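Listed below are the residues making up each chain.
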Amino acid sequence: SRLKPLWTFQTGAIGNFETTSLLRDNVLYVTGPQNLAWAIDARTGRQIWRYRRELPSNLTACCGLVNRGFGVLGDKLFMTTLDAHVIALDIKTGAVVWDATLEDYKIGHSATIAPLVVKDKVIVGAAGGEYGIRAFIDAYDAATGKRVWRFYTVPAPGEPGNDTWAGDSWKTGGASVWVTGAYDAEQNLLLYGIGNPGPDY
């Protein structure tokens, strides 16, 4: 009964918000549709900075041009993009520190996942199962943006589970990664749910 609004922030963005805000040192860091992002003073609602990614006009992405949030480590925020990149932004200014390509968006890859930061790695996944991609989970060096490893979610011939994929279907099986996973520190283990397969209809 004592709750009341203190301020409202107008994003000026049209589209779906499927994000979780981060709060650090009284600043809210929020991502939005079309790869927009903001730093907002949590006490007043004042915009500190705004980031907008220029997206290609021929972008192919399914199910809403959304972004699910930032990851953070030190003085950097990490964000995936609809054109299948992962970027690091300066937490104070919103300026791009590094920009790494996950995969070619022209063949159906995109990324909407909120990165998971584990130790000095930024863990992200590829979406686009609707377009016949072979999805994956990547780890990037948080300082440099260099890819450290890649795990494909559909096994290739000779890998465990490939025998459950008929013919060459493993090449276009989807199994996209658009929900942030979890990290078990005791076992040093990442856990991710994946879906959907391709084709899914």
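Above this note sits the structure.
Below: a short report on this structure. Computed from a predicted structure; not experimentally measured.

Read from one edge of the open sheet, 4 strands run β5-β6-β7-β8, paired in antiparallel fashion. Across the chains shown, the open sheet's two edge strands, defined by having one partner strand only, are β5 (71–73) and β8 (96–101). Sheet twist, expressed as the average angle between the axes of neighbouring strands with direction ignored, equals 20°. Relative to β8, strand β7 (residues 85–90) runs antiparallel, the two being bridged by 5 bridges. Paired with H85 across the bridge in β8 is T101.

In this section: the pattern of salt bridges. Evaluation of the coordinates by the stated rule reveals 11 salt bridges. The salt bridge involving R52 is made with E54; its shortest N-O contact spans 2.6 Å. The partly exposed category is assigned to R52, whose relative accessible area is 48%. Among the charged side chains, a salt-bridge network with shared partners connects R53, D83 and D99.

Conventions we followed
Residues numbered from 1 in each chain as written. Predicted model: local features only at pLDDT ≥ 70, side-chain atom pairs only at ≥ 80, totals over all residues. Heavy atoms only, no water. Pairing = 2+ DSSP bridges. Helix = DSSP H or I, 4+ residues; strand = E, 2+ residues; numbered from the N terminus. Axes fitted to C-alpha atoms, helices over the stretch in contact; angles between N-to-C directions. Salt bridge = Lys/Arg side-chain N within 4 Å of Asp/Glu carboxyl O. Buried < 20%, exposed > 50% of the residue type's maximum accessible area, 1.4 Å probe, protein only.

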